[in-house]
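Survey of secondary and tertiary structure
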Amino acid sequence: MGKANWYDMREFLSFLDSKNDLFHVPEQVDPGWEVNGITRLGLQKHGPAIFFDRIRGADLPLVANLLATERRFFWALGIDDPRCFNKEWSKRTEQVVAPQLVDSAPCQEHVVKEADIDLDRICNVKWHQHDGGSFPGTLSASVTRDPETGLQNVGIYRMATLGKNLLGWGAPEYTHGRQHYMKYEKMGKPMPMAVITGYDPIVFVVACTRTAPDVDEFHLAGALRGEALQMVRCQTIDIEIPATSEVVFEGFVRPGLRKLEGGLGEYTGYYGEARQNPVFEITRITHRTKPIYLGAREQWYPSDSSVVVAKASQAEAYKTLRQLVPGFCDLRCDVAYEAIAQIEKLYKGHPQQVMNAIWGATYSKYKHVIVVDQDIDIWDYNSVHWALSTRVRADRDIYIVPQQSGQWLDPAVSLRERGWQAGLGIDATMPREEYEFWGEQAPRTVDDPEIVSMTTAKWGDKLKWNGKPAV
Ligand SMILES: Cc1cc2nc3c(=O)[nH]c(=O)nc-3n(C[C@H](O)[C@H](O)[C@H](O)COP(=O)(O)O)c2cc1C
Ligand SMILES: [Mn+2]
């Protein structure tokens, strides 16, 4: 097992450098199009993380595409075998690990007072051609505290620049950050909030993980790192933040205030429309010496938002399903809308029970759920495709559930109906019970393990396909 207890983002960047998976751009680049173009080309090829030394008009260097490939995502977690990821995550997080509070921290080495704040000089990037302005808040994690339970939450929600110290705050109602804000709004009070960026990669992962409510993601981080996360109290608000964050915005979100924010090219691969969103007012910035900003070009897979949100939330959903459904084996979700579940089918309606559990008891708002048998390799799409093609009878195996709570940005839904989704379940398990009734079978033909091993033994050295050994 590899390393997971990174001290900070810098240590992870050095690691990537040693793996030849970090690309430096020393030339000055334009924030309006060049960061967009270079990150886009990098993502398309599952390329390295990118370090921009100089962006015109901004004082801070910028890192992008940090965890935008599965390769880097698994390195960040110190996981060698992606097939064991769900199990490994479950094992590590059986018991969460509370953070360790420290008195002084690198993230507070420097202070910028309210009057001196100018967001454009920190990050002024337009990530997509038709974004409605610059978005410093793509990988900026919002840390809030539940005013009733006292528990903290961290989540990543989009934030556009609306003024020198003002950011639109794109947290929809089904996110935990927004739910904290709804409680403050009811009390008529501003919500204190810290926004951090440039954190160790495990903080990145947990800030993207859709968990049950009342899970403090920093406790999850401690469990995944195998060591408590060091945190420090903010200077002006009662919020704790990871001590080695590069940049920290301290401030508040006023009750009742909304401003038009966006649109933004989103993880869906489409523009998310401009919305009337709450506003984050920054009253202080603290940062490390020579701070490094962190951002992301959001887009459909591959991207930071697709890889990290999908994989981390997959693992949490796996953990929940293992507890809820007997015979549940494994779960794969590479993109936000689709879950593929593997089960050992034990009884009639078992696949439908898994679908309902995925819709009802996990937090990613999967629209489409495919359920397959244990002999299907969910980590090989060809195998899943085989099950879909040969084990599904549409009039029997398609299960549609209307009027579920869906992802706000689902472009298949008209704006007026946003927030709704319909669940599509496909039972791609073999309908064994029917065959059993008639004494029929549908034996697989593809394996012939005895013939394969006899052939390998006799012919292995001789067979060559395209000049390469066949076995
Ligand atoms: C780059 C990036 C941008 C994101 N932007 C948003 C966003 O604007 N709104 C949103 O609901 N989720 C967004 N997410 C996903 C959330 O961070 C994720 O669902 C997380 O679990 C939310 O935390 P919470 O469950 O504690 O509310 C984004 C993720 C990434 C990586
Ligand atoms: Mn949360």
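Residues numbered from 1 in each chain as written. Chains lettered and ligands numbered in written order. Predicted model: local features only at pLDDT ≥ 70, side-chain atom pairs only at ≥ 80, totals over all residues.

**Brief notes about the site of ligand 1**
Under the convention used in this document: Only the C-beta atom matters for this test: placed from the backbone, it must lie within 6 Å of a molecule or strand for the residue to be near it. Here a helix means four or more residues in a row that DSSP labels H or I, a strand means two or more in a row labelled E, and each is numbered from the N terminus. Under the scheme applied, nonpolar residues are Ala, Val, Leu, Ile, Met, Phe, Trp, Tyr, Cys and Pro; charged residues are Asp, Glu, Lys and Arg; polar residues are all the others, including Gly.
Near ligand 1 there are 22 residues, and of these Gly155, Ile156, Arg158, Thr175 and His176 occur at the shortest range. Within the residue set of the shell around ligand 1, elements represented by two or more residues are strand S7 (152-156), helix H6 (176-187) and helix H9 (304-324). Its residues placed into classes, the shell around ligand 1 shows nine nonpolar, nine polar and four charged.

**As for unusual backbone geometry**
Going from glycine 262 to glycine 263, the amide bond is cis rather than trans, its omega being -10°. With respect to the secondary-structure elements, glycine 263 resides in the loop between strand S14 (259-261) and strand S15 (264-265). The peptide bond linking tyrosine 301 to proline 302 adopts the cis configuration, its omega dihedral lying at 0°. Within the element layout of this structure, proline 302 appears in the loop between strand S19 (293-294) and H9.

**With respect to the sheet that holds strand S11 (residues 230-233)**
The strands that make up a sheet pair up through hydrogen bonds in the backbone, lying either parallel or antiparallel. Under the convention used in this document: Whether two strands pair depends on DSSP finding at least two bridges between them.
The sheet built from three strands is open, its strands ordered S4-S11-S12 with mixed pairing. Sheet topology places strand S4 (100-101) and strand S12 (240-242) at the edges, where each strand pairs with a single neighbour. Pairing geometry for S4 and S11, over two bridges, is parallel. Each bridged residue has a counterpart across the sheet, and for glutamine 100 the counterpart in S11 is glutamine 230.

**A look at the sheet that holds strand S3 (residues 62-64)**
The condition is simple: With C-beta atoms placed from the backbone, a contact is any residue pair whose C-beta atoms sit within 7 Å. Each axis is a line fitted through C-alpha atoms, and for a helix only the stretch in contact is used; angles between axes span 0 to 180 degrees, taken between their N-to-C directions.
With respect to topology, four strands assemble into an open sheet ordered S1-S2-S3-S19, the strand pairing being mixed. The open sheet has two edge strands, strand S1 (22-29) and S19, and neither has a second partner. Against the sheet, helix H2 (residues 34-44) touches S1, strand S2 (49-55) and S3, its axis set at about 165° to S2.

**Considerations on the environment of proline 136**
Here proline 136 shows up in the loop between helix H5 (119-122) and strand S6 (141-145). In this structure the C-alpha to C-alpha distance between proline 136 and serine 364, which are 228 residues apart in sequence, comes to 25 Å. With near-sequence residues (within four places) excluded, proline 136 lies in contact with Leu119, Ile122, Cys123, Met159 and Thr161.

**Describing the packing of helix H4 (residues 85-92) against H9**
Between two packed helices, the angle of one axis relative to the other and the distance separating the axes together describe the packing. Which entries qualify depends on this criterion: Any angle from 65 to 115 degrees is called roughly perpendicular, while one under 35 is roughly parallel, one over 145 is roughly antiparallel, and all others are oblique.
In the contact formed by H4 and H9, the axes pass within 9 Å of each other and the chain directions differ by 75°. By the angle between their directions, the pair H4 and H9 is classed as roughly perpendicular. Residues Phe85, Asn86, Trp89 and Ser90 of H4 form the contact with H9, whose own contacting residues are Gln314, Ala315, Tyr318, Lys319 and Arg322. Residues that form the contact of H4 with H9 fall into these classes: four nonpolar, three polar and two charged.

**Quick look at the domain arrangement of the protein chain**
This is how it is decided: Note that domain bounds follow an automatic or database assignment of domains.
Domain parsing of the protein chain yields domain 1 (9-294) and domain 2 (325-438). For domain 1 versus domain 2, the separation of C-alpha centres amounts to 32 Å. The interface of domain 1 with domain 2 comprises 13 residues on the first partner and eleven residues on the second. In the side of domain 1 that touches domain 2, the residues fall into five nonpolar, four polar and four charged.

**As for the packing of H9 against helix H10 (residues 350-361)**
Test applied: Helix crossings fall into two classes, left-handed where the near helix is turned counterclockwise from the far one by less than a right angle and right-handed where it is turned clockwise.
Between H9 and H10, whose axes approach to 10 Å, the crossing angle comes to 125°. One element, H9, and the other, H10, form an angle in the oblique class. Crossing angle aside, the handedness with which H9 passes H10 is right-handed. In this structure, H9 contributes Ala317, Thr320, Leu321 and Leu324 to the contact, and H10 contributes Ala357, Ile358 and Ala361. Of the residues that constitute the contact of H9 with H10, the class distribution is six nonpolar, one polar and no charged.

**Regarding the pairing of strand S18 (residues 279-287)**
Alignment of strand S5 (residues 110-113) against S18, held across four bridges, turns out to be antiparallel. The residue of S18 that forms the bridge with lysine 113 is arginine 284. Strand direction decides the pairing type here: strand S9 (residues 166-168) and S18, joined by three bridges, are antiparallel. Looking at the pairing, leucine 167 lines up with phenylalanine 280 of S18.

**Focus on H2**
Put simply, the rule reads: Residue burial is a threshold on neighbouring C-beta atoms within 10 Å of the residue's own C-beta, all placed from the backbone, with 20 or more meaning buried, 12 or fewer meaning exposed, and counts in between meaning partly exposed. Directions are taken from the helix axis to each C-beta atom, and the arc is the one they span.
Within H2, burial applies to Val35, Asn36, Thr39, Gly42 and Leu43. In a view along the axis of H2, the buried residues occupy a sector of 140°, so they form one face of it. In H2, the exposed positions angled more than 90 degrees off the buried face are occupied by Leu41 and Gln44. Here the buried face of H2 lies against S1, S2 and S3. Phi turns positive, to about 55°, at histidine 46, one or two residues after H2.

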